[in-house]
Amino acid sequence: GSPLPSSNNNDTNSNSSYRTLPLFHINGHPIPPNLAILARPTQTLLSYLRDTLHLTGSKLGCGEGGCGACTVLLSRYDVKKKGVVHKVVNACLFPVLAVDGCHVTTVEGV
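Residues numbered from 1 in each chain as written. Predicted model: local features only at pLDDT ≥ 70, side-chain atom pairs only at ≥ 80, totals over all residues. Heavy atoms only, no water.

Novice: I tried to follow the environment of Ser47 on my own but got confused; where do I start?
Specialist: Structurally, Ser47 is set in helix H2 (residues 45-52). Separated by twelve residues in sequence, Ser47 and Lys59 have C-alpha atoms that sit 9.6 Å apart. (Helix = DSSP H or I, 4+ residues; strand = E, 2+ residues; numbered from the N terminus.)

Put into structure tokens, the structure is as follows:
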């Protein structure tokens with residue numbers, strides 16, 4: 001797969017030092033810049049997984065987070081705990097851009 005963008009790629013604004021491209025992994029694979037750039041601020045993680053990445057194992061059931069059909073595992077490094085922490089989230093409610101810096105495991109990655 002394609003490598004994650006680095007500070008010398010087009011992922012930073014030329015007038016500042018912040019990133020404009022989300023960095024995250026799905027099922028052990030880094031999301032390449034050409035797919036990461038497609039994530040929209042109003043998009044759910046479920047929509048991104050299904051419509052952009054074509055990972056259709058997570059389903060839209062109730063759309064309210066109650067049925068669990070869209071459940072994914074979100075993992076991230078916690079500086080205070082000095083280790084990786086995991087939590088289960090409802091992808092139908094979770095904003096895709098909130099996974100920046102995280103690893104997402106779907107049913108396809110289990």
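Here the narrative resumes.
Novice: In this structure, what is going on with the pattern of salt bridges? I would like to understand it.
Specialist: Any two side chains of opposite charge can pair, so long as their charged atoms come close to each other. Tallying each qualifying case throughout the model produces two salt bridges. Close ionic contact of Arg19 with Asp100 constitutes a salt bridge, the shortest N to O distance being 2.8 Å. Of this pair, Arg19 sits in the segment before strand S1 (25-26) while Asp100 sits in the loop between strand S4 (83-90) and strand S5 (103-105), and the two are 81 residues apart along the sequence. With a closest N to O distance of 3.7 Å, Arg76 and Asp78 form a salt bridge. By relative accessible area, which is 39% here, Arg76 ends up partly exposed. On the basis of relative accessible area, Asp78 is assigned to the buried category, the value being 12%. (Salt bridge = Lys/Arg side-chain N within 4 Å of Asp/Glu carboxyl O. Buried < 20%, exposed > 50% of the residue type's maximum accessible area, 1.4 Å probe, protein only.)

Novice: Mind showing me how you'd approach the nonpolar core here?
Specialist: Grouped burial of nonpolar side chains is what soluble globular proteins tend to show. Of all hydrophobic cores here, the largest spans 23 residues; its most connected members are Ile26, Leu45 and Val99. Elements supplying a minimum of two residues to this core: H2 and strand S3 (71-78). Among the elements that line this core, the one with the most residues is H2, at four residues. Discounting residues that sit within four places of it in the chain, Ile26 has contacts with Ile31, Leu49, Leu53, Leu55, His103, Val104 and Thr106. (Core = buried A, V, L, I, M, F, W, Y, C linked by side-chain atoms within 4.5 Å. Contact = heavy atoms within 4.5 Å.)

Novice: Could you clarify how one ought to interpret the sheet that holds S3 in this entry?
Specialist: Note on sheets: strands pair through backbone hydrogen bonds, and any given pair is parallel or antiparallel. Strand order in this open sheet of five strands is S2-S1-S5-S3-S4, and the pairing throughout is mixed. The two strands at the open ends of the sheet, each matched to only one other strand, are strand S2 (29-30) and S4. Bridging between S3 and S4 involves eight bridges; their strand directions are antiparallel. By the bridge assignment, Tyr77 is partnered in S4 with Val84. (Pairing = 2+ DSSP bridges.)

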